[in-house]
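The residues making up each chain are set out below.
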Amino acid sequence: MRNKQLLHTMFYPKQFSKKRHVIHTLTGRFSKFGYQQVETPVFENYDLYNDVQGTVNTADMLKLIDPSGKVLVLRPDATIPIARHYTNLQEEVATGRLSYVLDIFRSTTEERSRTQAGVELFGERTPEADAELIALAVTSLKELEIPSFKIEIGHAAFYKELLREADLDAMQQKELDQYIQSKNISEIVPFLKDLGLEAALIEKLRKIPMLYGDASFVIDEAENIISSDKMREELDYVSRVYQLLQDYQVDSYISINLGLINHMNYYSGIIFQGFAEGLGQPIMMGGRYDYLTRSFHQETPAIGFAFEVDLLVDLLPGIFTEAEIIQLRYEASERQHAFQLAELFREANQTVIVKAFDKKENRSDSPEILVKSEEIVYSKQKEAAVFKTNQELLDWYFRKDVK
Ligand SMILES: N[C@@H](Cc1c[nH]c[nH+]1)C(=O)O
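Residues numbered from 1 in each chain as written. Predicted model: local features only at pLDDT ≥ 70, side-chain atom pairs only at ≥ 80, totals over all residues. Heavy atoms only, no water.

Asks: Explanation requested: the overall build of the protein chain in the structure shown.
Replies: Of the regular secondary structure elements, the protein chain holds 14 helices and 17 strands. Seen through its C-alpha atoms, the protein chain measures out along the principal axes to roughly 95 × 55 × 40 Å. The buried share among the 403 residues of the protein chain stands at 51%. By sequence separation, contacts in the protein chain at least 24 residues apart represent 67% of the contacts at least 6 residues apart. Of the roughly 20,400 Å² of accessible surface on the protein chain, a fraction of 49% belongs to carbon and sulfur atoms. Considering the protein chain, the positive charge centre built from 46 side chains and the negative charge centre built from 62 side chains are found 6 Å apart. (Helix = DSSP H or I, 4+ residues; strand = E, 2+ residues; numbered from the N terminus. Buried < 20%, exposed > 50% of the residue type's maximum accessible area, 1.4 Å probe, protein only. Contact = heavy atoms within 4.5 Å. Areas by Shrake-Rupley, 256 points an atom, 1.4 Å probe, with all protein chains shown as cover. Lys, Arg positive; Asp, Glu negative; His and termini not counted. Charge placed at Lys NZ, Arg CZ, Asp CG, Glu CD.)

Set out below in structure tokens:
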């Protein structure tokens, strides 16, 4: 319910200053891990998304037509255009690490646009790369002081591998995904029985939603349903990533969820999502997508994630204390003097609003400076001080450490 108001609340300066803080903290952290920020166009050719396998549902994209009749879409995803640009510009990005803060447009969300802050790492297919990203996500949320959060790690191919044995059509698979995602165990068995699947396979699929929780428990339990070398490899991979996360000392934030499903089907390996207490939808989602760049005639392994910035803003505790605003007023003859004094304060990183003097009393909590021809008067609530020169006032103001 509160998410409905997001777009409107961002209109309030106090709320927006939280958003700026979230973006500043995230971009700072991304850059400390070596990720370089980029931007992609808001308008993309519809074909880019239509041709790429495993993307946002085309029905969910916001489309428009340019004067030449070409169909464009408002950027419905950041990973796809960044992957495409990366394939052309690799030499420019020796580290393979890119980050972004971009608005994403999809008709599935109430407000139609939301801000994502994310990273993409190209060119590495190792558990170390996966753990680096997950550790980056955890430390970002810690730095933001998001009160209570968890990262769930799954594998896009583990359950899909079992599904291959079931040979379901797209509709059936979608229905099963929903049961698994909502952990609706009571529906799964009758549904699979109706489809005529073998009892042993039903038994394995039924267990998928329960493969959730503490890493050692889930990995032990998952051993029982492994039915191919591929599943074994995938489970070992998850376990290896988890061990690395222990060395990053972020494992207390991690749960394993082998029933985790992401509807963005470009994922090919580890997938993960972040959840905050009391919020049903993920605040972060990501995963490994080693084959997406095939659509751009290359094969570069890659992994990335994106935070939902507006949700994070909503989760931040308290209201931010804004920088104090100095109200600087002047008598008519002192206009030039006042503009000059305001600039001196601004050069010292203070916020100043300048206005001609009027007789109204200063009722706000913010300080007021009145520039008169013979003196400069500083006042704040009950406090007042008088100065002869700009320098005297500045020396006093900064020594006083008004902040
Ligand atoms: N683009 C994905 C998140 C992601 C970034 N990188 C990899 N995955 C999303 O919007 O859900």
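Asks: Looking at this structure, I do not really get the side chain of aspartate 60. What am I missing?
Replies: With respect to the secondary-structure elements, aspartate 60 resides in the loop between helix H3 (46-51) and strand S3 (63-65). Arginine 106 is the oppositely charged side chain nearest to the buried, salt-bridge-free aspartate 60, at an N-O distance of 7.3 Å. Setting aside residues up to four positions removed in sequence, aspartate 60 forms contacts with Arg106, Ser107 and Thr108. (Salt bridge = Lys/Arg side-chain N within 4 Å of Asp/Glu carboxyl O.)

Asks: For this particular structure, what's the right way to read the packing of helix H2 (residues 13-32) against helix H5 (residues 127-143)?
Replies: Any two packed helices are characterised by how steeply their axes cross, that is the angle between the axes, and by the distance between the axes. Close contact between H2 and H5 brings their axes to 10 Å; oriented N to C, the two are set at 140°. Comparing their axes, H5 and H2 come out oblique. You can see that H2 and H5 cross each other, and the crossing is right-handed. In contact with Thr25, Leu26, Arg29, Phe30 and Lys32 of H2, H5 contributes Leu136, Thr139, Ser140 and Glu143. Across the contact of H2 with H5, the residue classes break down as 3 nonpolar, 3 polar and 3 charged. (Axes fitted to C-alpha atoms, helices over the stretch in contact; angles between N-to-C directions. Parallel < 35°, antiparallel > 145°, perpendicular 65-115°, else oblique. Left-handed = near helix turned anticlockwise from the far one by under 90°. Nonpolar A, V, L, I, M, F, W, Y, C, P; charged D, E, K, R; others polar.)

Asks: Mind showing me how you'd approach the sheet that holds strand S2 (residues 43-45) here?
Replies: To summarise the sheet geometry, strands pair through backbone hydrogen bonds and adopt either a parallel or an antiparallel arrangement. Read from one edge of the open sheet, 3 strands run S2-S4-S3, paired in antiparallel fashion. Since the sheet does not close on itself, it has two edges, and those belong to S2 and S3, each with one partner. Between one strand axis and the next, the sheet turns by 40° as a mean value, whatever way the strands run. Bridge count between S3 and strand S4 (residues 71-74): 3 bridges; the pairing is antiparallel. Its bridge partner being in S4, leucine 64 is matched across the sheet by leucine 72. (Pairing = 2+ DSSP bridges.)

Asks: How should I be thinking about the sheet that holds strand S1 (residues 36-37) in this particular structure?
Replies: A sheet is described by the order of its strands in space; here 9 strands give the open sequence S1-S5-S6-S12-S11-S10-S7-S9-S8, paired in mixed fashion. Either end of the sheet is taken by a strand with one partner, and the two such strands are S1 and strand S8 (212-213). Note: strand S5 (residues 97-105) against strand S6 (residues 113-122), 9 bridges, orientation antiparallel. Across the sheet, valine 101 pairs through a bridge with alanine 117, a residue of S6.

Asks: So what exactly am I meant to see when it comes to the packing of H5 against helix H11 (residues 229-247) here?
Replies: Where H5 meets H11, the closest approach of the two axes is 9 Å, and the angle between their N-to-C directions is 50°. Judged by the angle between their axes, H5 and H11 are oblique. Between H5 and H11 the crossing geometry is right-handed. Between H5, through Pro127, Glu128, Asp130, Ala131, Ile134 and Ala135, and H11, the contact on the second element is made entirely by Tyr237, Arg240, Val241, Leu244 and Leu245. Split into classes, the residues belonging to the contact of H5 with H11 amount to 8 nonpolar, no polar and 3 charged.

Asks: How should I be thinking about the pairing of S6 in this particular structure?
Replies: Working note: regular strand, side chains alternate between the two faces of the sheet. S6 sits mainly inside the fold: 10 of its 10 residues count as buried. What you see with S6 is no split at all: Ser113, Thr115, Ala117, Val119 and Leu121 on one side and Arg114, Gln116, Gly118, Glu120 and Phe122 on the other are buried throughout. Here 7 bridges tie S6 to strand S12 (residues 302-308), and the two strands are oriented antiparallel to one another. The residue of S12 that forms the bridge with phenylalanine 122 is alanine 302.

Asks: Before we go on, may I ask you to explain helix H13 (residues 335-347) in this structure?
Replies: Every α-helical turn comprises 3.6 residues, leaving residues that sit three or four positions apart pointing alike. Compared with an ideal rise of 1.5 Å per residue, which puts 13 residues at 18 Å, H13 spans 18 Å between its outermost C-alpha atoms and is within 8% of the ideal. Looking at H13, one finds that the buried residues are Ala338, Leu341, Ala342 and Phe345. Down the axis of H13, the buried set is contained in an arc of 105°. They therefore lie on one face. Within H13, the exposed residues directed more than 90 degrees away from the buried face are Gln336 and Glu347. A positive backbone phi angle near 70° is found at asparagine 349, which sits one or two residues after H13. (Expected span 1.5 Å × (residues − 1). Arc of directions from axis to C-beta.)

Asks: Can you help me understand the environment of arginine 106 in this one?
Replies: Structurally, the position occupied by arginine 106 is in the loop between S5 and S6. When neighbours within four sequence positions are excluded, arginine 106 is seen to be in contact with Val56, Asp60, Leu62, Pro76, Asp77, Arg112, Arg114, Gln116 and Met264.

Asks: For this particular structure, what's the right way to read the pattern of salt bridges?
Replies: Side chains that carry opposite charge are capable of pairing whenever their charged atoms lie near each other. In total, this model carries 22 salt bridges according to the counting rule given. Its salt-bridge partner being glutamate 343, residue arginine 346 comes within 3.3 Å of it at the nearest N-O pair. With arginine 346 and glutamate 343 both in helix H13 and 3 residues apart, this pair spans about one turn of that helix. On the accessibility criterion, arginine 346 (34% relative accessible area) is partly exposed. Here lysine 372 and glutamate 375 are joined by a salt bridge, their closest N and O atoms 3.9 Å apart.

Asks: Just checking my understanding: could you explain the UniProt feature "binding site: L-histidine" (unreviewed entry) in the protein chain for this structure?
Replies: As annotated by UniProt and renumbered to match this structure, "binding site: L-histidine" (unreviewed entry) occupies Asp77, Ala78, Thr79, Arg106, Gln116, Glu120, Tyr266 and Tyr267. Assignment of secondary structure puts glutamine 116 in strand S6. Position of glutamate 120 relative to the elements: it lies in strand S6. Not counting residues within four places of it along the chain, the set of residues in contact with glutamate 120 comprises Tyr35, Thr79, Ile82, Gly96, Arg97, Leu98, Tyr100, Tyr289, Ile303, Gly304 and Phe305. (UniProt positions renumbered as here; feature names shortened; annotations may be inferred.)

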